[in-house]
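Chains, contacts and geometry: an overview
Each chain is listed here by its residues.
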Amino acid sequence: MPPHGGTAPGAPHATGAVPLLPPVPVVEHRPGTGAATLAVLLIGPAGAGKTTVARHWARRRPVPTAHISLDDVREWVCSGFADPQSGWNEHSEAQYRLARRTCGFAARNFLANGISCILDDAVFPDRPVVGLGGWKRHVGPGLLPVVLLPGLEVVLERNAQRAGNRRLSDEEVAAIHGRMAGWYGSGLPIIDNSALDVESTARLIDEALARAIAAPPGG
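From a predicted model like this one, the values you see are computed outputs, not experimental measurements. (Residues numbered from 1 in each chain as written. Predicted model: local features only at pLDDT ≥ 70, side-chain atom pairs only at ≥ 80, totals over all residues. Heavy atoms only, no water.)

Helix and strand counts for the chain come out as seven helices and five strands. Counted from the first residue to the last, the chain has its helices and strands arranged as β-α-β-α-α-β-α-β-α-α-β-α. A burial count over the chain gives 37% of its 219 residues as buried. Look at the contacts in the chain between residues 6 or more apart in sequence, and 75% of them connect residues 24 or more apart. As displayed, the chain has an accessible area near 12200 Å², and 59% of this comes from carbon and sulfur atoms. (Helix = DSSP H or I, 4+ residues; strand = E, 2+ residues; numbered from the N terminus. Buried < 20%, exposed > 50% of the residue type's maximum accessible area, 1.4 Å probe, protein only. Contact = heavy atoms within 4.5 Å. Areas by Shrake-Rupley, 256 points an atom, 1.4 Å probe, with all protein chains shown as cover.)

In structure tokens form, the structure reads like this:
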């Protein structure tokens with residue numbers, strides 16, 4: 001029995017009224033995207049730091065957020081992995097397409113359960129159908145793209161520190177970086193993280209996304 005003959009929390013009064021529990025305190029979210037449920041595509045060349053920054057952005061959010069790495073999903077294929085380093089062919093192209101569809105399926109499932117997600121991929125501006133357009137088909141039209149584009153010397157240096165099939169030749173890195181320059185003038189937010197650490201880059205991405213979701217449709 002409650003002390004002093006009072007009513008136990010949650011028990012009905014004689015009048016039928018039920019005392020409510022104290023309200024849950026409102027958590028003050030940091031500026032930026034806050035508690036919004038988002039689907040984000042982080043675009044950039046090899047060596048831009050996409051995976052590291054995407055994972056950090058996902059971890060620092062105050063709401064559930066998943067990171068889906070295209071390269072990680074591609075490497076789920078162990079026996080029979082079509083390594084582009086051995087030459088780009090119909091098998092490597094097919095595995096890339098399958099990995100993108102798999103990432104899109106996972107992203108839609110996360111979003112349907114209220115979990116934001118950020119994906120990363122080296123999407124070329126001159127291939128809209130299989131690139132950004134393809135990702136929007138897989139994930140949904142609300143996908144928010146952000147481009148991470150440091151200077152060529154930076155991506156060459158970072159690529160040199162990679163190992164295995166994720167390390168590309170200098171010629172490939174330079175070619176990919178040159179094609180990525182086509183995003184300038186596209187209207188997408190572009191962040192040069194050449195001189196930025198991971199935390200600063202993640203903060204700029206969050207600010208760019210906040211502006212995108214605050215903009216009027218078609219704006």
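Moving on to the pairing of strand β3 (residues 116-121). Counting buried residues along β3, six of its six residues qualify, which places the element largely inside the surrounding structure. Taking every second residue as pointing to the same face, both faces of β3 are buried, with Ser 116, Ile 118 and Asp 120 on one and Cys 117, Leu 119 and Asp 121 on the other. Here strand β1 (residues 39-43) pairs with β3 via five bridges, running parallel. By the bridge assignment for β3, Leu 42 is matched with Asp 120. Taken together, the five bridges between strand β2 (residues 65-69) and β3 define a ladder with parallel strand orientation. In the strand pairing of β3, Thr 65 is matched with Ser 116. (Pairing = 2+ DSSP bridges.)

This part takes up the packing of aromatic side chains. Scanning the model with the defined rule gives zero aromatic pairs in all. The lysine or arginine in question, Arg 179, covers the ring of Phe 124, its NZ or CZ lying 3.6 Å from the ring centre. (Phe/Tyr/Trp six-rings, centres within 6.5 Å; stacked < 30°, edge-to-face > 60°. Lys NZ or Arg CZ within 6 Å of the ring centre and 35° of its normal.)

A word on the pattern of salt bridges. A full pass over the atoms with the stated rule returns five salt bridges. The salt bridge involving Arg 60 is made with Glu 199; its shortest N-O contact spans 3.3 Å. Taken together, the residues span a long stretch of sequence, with Arg 60 in helix α1 (residues 50-60) and Glu 199 in helix α7 (residues 198-214) at a distance of 139 residues. Overall, Arg 60 belongs to the buried group, its relative accessible area being 15%. Judged by relative accessible area, Glu 199 falls into the partly exposed class, the value being 31%. When the shortest N-O distance is used, the salt bridge between Asp 71 and Arg 74 registers 3.4 Å. Of the two residues, Asp 71 and Arg 74 are both situated in helix α2 (residues 70-74); the distance of three residues between them amounts to about one turn of the helix. Here Asp 71 and Arg 74 have matching classes, each one buried. (Salt bridge = Lys/Arg side-chain N within 4 Å of Asp/Glu carboxyl O.)

With respect to the helices and strands, the residue Pro 141 is situated in the loop between α4 (132-139) and β4 (144-148). For Pro 141, a relative accessible area of 76% gives the class exposed. Measuring from C-alpha to C-alpha, the distance between Pro 141 and Ala 39 comes to 9.6 Å, with 102 residues separating the pair along the chain.

Chain-level statistics for the chain give a pLDDT mean of 84 and a share of 79% at 70 or above. Low pLDDT, under 50, characterises residues 2-7; the stretch is placed with four contacts to residues that sit more than four places away or in other chains. Contacts of residues 24-29 to residues separated by more than four positions or lying in other chains number three contacts, the stretch itself having pLDDT below 50. (pLDDT = per-residue confidence, 0-100.)

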